Amino acid sequence: MSDAVPDLDTVVREIAEEMADRPDRGEVATYIPELARVDPKAFGIVVIDADGHVAAAGDSDTSFSIQSISKVFTLTLALGMAGDRLWRRVGREPSGSPFNSIVQLERERGIPRNPFINAGAIAVTDTILSGHQPREALGEILRFMQFLAQDPTITIDEAVAASELRTGFRNIALANYMKSFGNIDNPVDFTLGVYFHHCAIGMSCRQLATASRFLAHSGRNPLTGHSVVSPERAKRINAVMLTCGHYDGSGEFAYRVGLPGKSGVGGGIIAVAPEKASIAVWSPGLDASGNSHLGRIALEMLTRRLGWSIFGA
Ligand code: GLN
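Every chain's residues receive numbers from 1 upward, in the order its sequence appears when written. The model is predicted, so local features are restricted to residues of pLDDT at least 70 and side-chain atom pairs to those at 80 or more, both for listing and for counting; the totals for chains, interfaces and linings are taken over all residues. With hydrogens and water stripped out, all remaining heavy atoms of the structure feed into the side-chain values.

What counts as a helix is a DSSP run of H or I of at least four residues, what counts as a strand is a run of E of at least two, and both are numbered from the N terminus. Along the backbone of the protein chain there are 13 helices and ten strands. The C-alpha extent of the protein chain, read off along each of the three principal axes, is 60 × 40 × 40 Å. A simple rule labels every residue: compare its accessible area, found with a 1.4 Å probe on the protein chains alone, to the largest value its type can have, and call it buried under 20%, exposed over 50%, or partly exposed in between. Buried positions account for 58% of the 313 residues belonging to the protein chain. In this description, contact between two residues means that some pair of their heavy atoms is separated by no more than 4.5 Å. Look at the contacts in the protein chain between residues 6 or more apart in sequence, and 69% of them connect residues 24 or more apart. Here the open area of atoms and residues is found with the Shrake-Rupley method and a 1.4 Å probe, where only the protein chains shown may cover a residue. Accessible surface computed for the protein chain: about 13,000 Å², of which carbon and sulfur atoms make up 52%. When the 30 basic and 34 acidic side-chain charges of the protein chain are each reduced to a single mean position, those positions are 6 Å apart. Only four residue types enter the tally: Lys and Arg on the positive side, Asp and Glu on the negative side, with His and both chain ends excluded. Charge positions come from single atoms, namely NZ of Lys, CZ of Arg, CG of Asp or CD of Glu.

Before going further, it helps to examine the site of the ligand. For this description, a residue counts as near a given molecule or strand if any of its non-hydrogen atoms is within 4 Å of it. Tyr 31, Gln 67, Ser 68, Phe 99, Asn 118, Glu 164, Asn 171, Tyr 195, Cys 199, Tyr 247, Gly 264 and Val 265 make up every residue found near the ligand. Under this definition, polar contacts are N or O atom pairs within 3.5 Å; protein pairs additionally need one hydrogen-donor-capable and one acceptor-capable atom, and for neighbouring residues in sequence, both atoms have to be side-chain atoms. With respect to the ligand, the side chain of Asn 118 contributes an N or O atom lying 3.0 Å from an oxygen atom. Within the side chain of Asn 171, one N or O atom sits 2.8 Å away from an oxygen atom of the ligand. Its free accessible area being 290 Å², the ligand has 99% of it covered by the protein chains. Class assignment of the residues belonging to the shell around the ligand gives a composition of six nonpolar, five polar and one charged. For this classification, the nonpolar set comprises Ala, Val, Leu, Ile, Met, Phe, Trp, Tyr, Cys and Pro, the charged set comprises Asp, Glu, Lys and Arg, and every other residue, Gly included, is treated as polar.

Take the pattern of salt bridges next. Pairs may arise between side chains of opposite charge once their charged atoms sit close together. When a carboxyl oxygen of Asp or Glu lies within 4 Å of a side-chain nitrogen of Lys or Arg, that pair is called a salt bridge. As enumerated under the stated definition, the model contains 15 salt bridges in all. As a salt-bridge pair, Arg 22 and Asp 24 come within 2.9 Å of each other at their nearest N and O atoms. Overall, Arg 22 belongs to the partly exposed group, its relative accessible area being 27%. Two residues, Glu 300 and Arg 256, come together in a salt bridge whose shortest N-O distance is 3.3 Å. Here Glu 300 is found in helix 13 (residues 293-306), whereas its partner Arg 256 is found in helix 12 (residues 250-256), with 44 residues between them in sequence. Classification of Glu 300 by relative accessible area gives buried; the value is 11%. It is possible to trace a salt-bridge network through shared partners that takes in Glu 252, Arg 256, Arg 296, Glu 300 and Arg 304.

Turning next to the sheet that holds strand 9 (residues 277-282). Between any two strands, at least two bridges found by DSSP are needed for them to pair. Strand order in the open sheet formed by five strands is 3-2-9-8-7, with antiparallel pairing between adjacent strands. With partners counted over all chains shown, the strands left at the sheet margins are strand 3 (54-58) and strand 7 (261-263), one partner each. For this sheet the average axis-to-axis angle between neighbouring strands, irrespective of direction, equals 10°. Sheet analysis places strand 7 next to strand 8 (residues 268-273), joined by three bridges and oriented antiparallel. Note on strand 8: the bridge partner recorded for Lys 262 is Ile 270. Throughout, an axis means a line fitted to C-alpha atoms (over the contacting stretch in the case of helices), and angles, computed between N-to-C directions, take values from 0 to 180 degrees.

Bringing the environment of Phe 144 into the picture now. Checked against the element boundaries, Phe 144 lands in helix 5 (residues 134-149). In the structure, Phe 144 is positioned 31 residues away from Ala 175 in sequence and 24 Å away in space, judged by C-alpha atoms. Apart from residues no more than four positions distant in its own chain, Phe 144 is found in contact with Phe 73, Thr 76, Leu 77 and Val 228.

With that settled, the discussion passes to the packing of aromatic side chains. Ring pairs shown here join Phe, Tyr and Trp side chains whose ring centres sit within 6.5 Å, with only the six-membered ring taken for Trp; geometry is labelled stacked below 30 degrees between planes, edge-to-face above 60, and tilted in between. Applying the stated criterion to the full structure yields five aromatic pairs. Between Phe 99 and Tyr 247, the aromatic rings sit 5.4 Å apart at their centres with planes inclined by 50°, giving tilted as the arrangement. One end of the pair, Phe 99, is in the loop between helix 2 (70-82) and helix 3 (103-107); the other, Tyr 247, is in the loop between helix 11 (231-244) and helix 12, and 148 residues separate them in sequence. By relative accessible area, Tyr 247 is classed as buried at 5%. When the centroid spacing of 5.3 Å and the interplanar angle of 90° are considered together, the rings of Tyr 177 and Phe 181 count as edge-to-face. Classification of Tyr 177 as partly exposed rests on a relative accessible area of 24%. What links up through ring pairs into an aromatic cluster is the set Tyr 31, Phe 99 and Tyr 247. Distance and angle both matter: a charge sits over a ring if NZ of Lys or CZ of Arg is within 6 Å of the ring centre and within 35 degrees of the ring normal. Between Arg 92 and the ring centre of Trp 87, over which it is positioned, the NZ or CZ distance is 5.2 Å.

This is how it looks when you write it as structure tokens:
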């Protein structure tokens, strides 16, 4: 048996072919009505290695709703604004609960467990909003995504944002509940408006893999040379992705894939192989924890074939 590492383009192409044929595709999210319209057969994958080589297959240039993947980038912005003070209003422990759970908030006095469950991400958005009008804060987030992805065409899907605004009763409850504990500074409607809109940013796998490069390369985009965050901060954001990026499926994701990653209910996942590559996959069908079913399987195949799990093998 040869122990040569297989060629990245071949692995990516083979994974996309295998995923196209699989009958098990999970269930597309329906609680945001606009997301229910997406084709469950879609599948895309993009891997960008340290040299900037792009391996892409499937629907790699189709734009989809990034949803909770946006929380990685709002966390990055909020840490830039508030520094370690951010951790006074949001924790960094896995929750073991679904992404939209309210149960821990009462016991923990309105301090969400981590920045990736909805309550935590809403508190993070509130941090970014303070001192700004909602429109300015949203513009700041969108421009950050465009800058990281090196693509000014990235926009917000207003239909998705409006759809979630109409049906986001749980998030409205979470935000009001945190406000009762003094952990939301701005009017709840303003904070939620910014939150729903940044979740509704539309991006492709190619744009997301590009935007995530700084996390794979110690805070720097190796193409542009731009330092986005310090190496220390990139390391910490990756740590929170590993432990909390997939909600109550985070342990399973670490066990099977072995990389820091963040999912969204639009079916996207970004993953980071430190010093090796940034990765984005998309398949709209979700598992019971709200994470892309085939996205996770594709990433598991990728890390196994390339030996990229951070835990070895
Ligand atoms: N906008 C979605 C929500 O708040 C994000 C959830 C997700 O992607 N897990 O419910």
